[in-house]
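# Descriptive structure summary
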Amino acid sequence: MSTAATLTPAAFTTLSFDQKLDRLAEVAVRVGAGLQPDQELVITAPIDALPLVRLITAHAYKAGAKLVTTFFADDATTLARYQLAPDATFDYAPTWYYDAIAAAYRSGAARMGITGANPALLAQQDPTKVSRANVAVSKAYKPAMEIITRHEINWTIVAAATPAWAALVFPNEAPDAALAKLWDAIFASSRITGDDPIADWKRHNANIKRRVDLLNAKRFHSLRFYTPDNATDLTVGLADQHLWAGGGTTSGNGFFCNPNIPTEECFTTPHKSRVNGHVAASKPLSHQGTLIENIRCTFKDGKITHATATAGEAAINKLISTDEGARQLGEVALVPNPSPIAQSGVLFWNTLFDENAASHIALGQAYSTCLIGGEKMSNEELAKLGANESLIHVDWMIGGPTMNVDGISSNATPEALMRNGDWV
Ligand code: ZN
Ligand code: ZN
């Protein structure tokens, strides 16, 4: 882009907090969304992220945005609904709102999601109510979500530290110190602390692309994940015509974007009927305000036949009962254990960060862009190749410092891809 100003060149530690936040905002607009002159931008954000949203909006207009519109959410008002609204209303979602979002995308708007809500907001609420509300939203959101999973538009998700989230990540710190620490962790993992973050992101994307090209050249039939303690021994068949992806991507509208900031993963589409074995999660999962810990699942011919958890077991079983595809896989991703997020040792309770700290699998909807020619196929054609379809897409972490991964070729020969969590 031509109209954006250059980033502050001073050493990161000498910058004020506002200057650091401004850098994140500029990277969100230029590297994340890849916003184009005369393009609309639709932002969703927690109300606590208002200072970041203001800076993002300024950078968007500097980049030539036609109009920036932000929809704010507030944890306290979300919680009030679960505590006080009539029980019969939890199957309702405002379809008019999600239709408007989809209409904005169709008319050319870019999307930016800012994550930062309290990951444990709904932990004490009735899991049935939470699940009913989530299903209603997933159905209403589907038309907009399909535009995103098909990468028809340029989009990104970035993070803003909020007090409740920070308190969960750093429970032993005073509120101000916890918030500062979470911001520092976001700045570092979002790769904005170097002298030239835009150049750093170019280099990072090139590194991921090299790995993606290598995996695509192998044409593996399946991947086998296994740990020495046998907590995990899972074979994940890959979809016919699967395509590995990672880092930045050119969307259907021709604009280059980085859908996730941060991002470290190489990911592809598994075959929905060719997953067998057992797997243990390596990190807890925060899903829509509930916390699910120590997930263990058994797969047979692609489907979860048994799922347990030491906390949130009802939530995980509700989740995989959302629809037919919810107990099958839509994504498999490789992340080396030495990734900066993993090395920080911080458990974020937020998928954007935790999924970039460990190899993972995702239940539910597959990305059609992870199949050769997939973005132009009908849902029936995608299903024939093994791509899963569901209202949900939930990543959960299985990798760690003891994870081994083999790539298995179509003549059943294993090739070591990862040993002890890192690339061979
Ligand atoms: Zn992923
Ligand atoms: Zn995912």
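Residues numbered from 1 in each chain as written. Chains lettered and ligands numbered in written order. Predicted model: local features only at pLDDT ≥ 70, side-chain atom pairs only at ≥ 80, totals over all residues. Heavy atoms only, no water.

### Brief notes about the coordination of the zinc ion (ligand 1)
The protein atoms that coordinate the zinc ion (ligand 1) are E265 (OE), E331 (OE), E355 (OE) and H360 (NE2), at distances spanning 2.0 to 2.2 Å. Viewed at the metal, the four donor atoms of the zinc ion (ligand 1) are separated by angles of 81 to 160°, and the geometry they form is irregular. A separation of 3.4 Å is found between the zinc ion (ligand 1) and the zinc ion (ligand 2), both of which receive a donor from E331. With E331 in strand β15 (residues 329-334) and E355 in the loop between α11 (351-354) and β16 (360-364), this pair connects stretches of sequence that are 24 residues apart. (Donors = N, O, S within 2.8 Å, 3.2 Å for Na, K, Ca; no water. Tetrahedral: all angles 85-135°; square planar, octahedral: opposite > 155°, others 65-115°. Helix = DSSP H or I, 4+ residues; strand = E, 2+ residues; numbered from the N terminus.)

### Here we look at helix α8 (residues 197-218)
Spanning 22 residues, α8 covers 32 Å between terminal C-alpha atoms, matching the ideal 32 Å at 1.5 Å per step. Buried residues of α8: P197, I198, W201, H204, N205, I208, V212, L215 and N216, and no others. Looking straight down α8, one finds its buried side chains confined to an arc of 120°; they lie on one side. Seen from the open side of α8, the exposed residues pointing more than 90 degrees away from its buried face are K202, R203, R210 and A217. Of the residues trailing α8, R219 is marked for its positive phi of about 50°. (Expected span 1.5 Å × (residues − 1). Buried < 20%, exposed > 50% of the residue type's maximum accessible area, 1.4 Å probe, protein only. Arc of directions from axis to C-beta.)

### A look at the sheet that holds strand β18 (residues 404-408)
In spatial order, the strands read β14-β13-β10-β6-β5-β18-β19-β20; together these eight strands make up an open sheet with antiparallel pairing. Both outer strands of the open sheet, β14 (303-308) and β20 (422-423), are each paired with one neighbouring strand and no more. Taken together, the five bridges between strand β6 (residues 233-238) and strand β10 (residues 270-280) define a ladder with antiparallel strand orientation. Note that in β10 the partner of V236 across the bridge is V275. (Pairing = 2+ DSSP bridges.)

### Observations concerning the domain arrangement of the chain
In terms of domain boundaries, the chain breaks down into domain 1 (9-189) and domain 2 (220-243 + 264-423). Averaged C-alpha coordinates put domain 1 and domain 2 at centres separated by 24 Å. Approximately 2,400 Å² of surface area, both sides summed, lies buried where domain 1 meets domain 2, with 63% of it carried by carbon and sulfur atoms. The largest share of the area that domain 1 buries against domain 2 comes from P119, T149 and R150, three residues that together contribute 24% of it. Connecting domain 1 to domain 2 are one salt bridge. In this structure, the salt-bridge partner of E389 is K142, at a minimum N-O distance of 3.3 Å. Across the contact surface, domain 1 and domain 2 share nine residue pairs in polar contact (both at pLDDT 80 or more). (Domains from an automatic or database assignment. Buried area = accessible area lost by both parts, 1.4 Å probe. Salt bridge = Lys/Arg side-chain N within 4 Å of Asp/Glu carboxyl O. Polar contact = N/O pair within 3.5 Å; in protein donor to acceptor, adjacent residues only side chain to side chain.)

### Examining the pattern of salt bridges
Tallied over the entire structure, the rule returns 14 salt bridges. In this structure, the salt-bridge partner of R132 is D87, at a minimum N-O distance of 3.3 Å. Residue R132 is located in helix α5 (residues 127-149), and its partner D87 is located in the loop between α3 (75-84) and α4 (95-106); the two are separated by 45 residues in the primary sequence. The exposure class of D87 is partly exposed, given its relative accessible area of 45%. Here R132 makes a salt bridge to D91, at a shortest N to O gap of 3.0 Å. With R132 in helix α5 and D91 in the loop between α3 and α4, the pair connects residues that are 41 residues apart, well separated along the chain. One network of salt bridges, in which partners are shared, links D87, D91 and R132.

### Quick notes on unusual backbone geometry
In this structure, P262 follows I261 across a cis peptide bond, with omega equal to 5°. Position of P262 relative to the elements: it lies in the loop between β8 (256-257) and β9 (266-268). Even without glycine at this site, Q288 takes up a positive phi of about 45°. If you trace the backbone, Q288 turns up in the loop between β11 (285-287) and β12 (290-292). If you check the backbone angles, A412 has positive phi at about 75° while not being a glycine.

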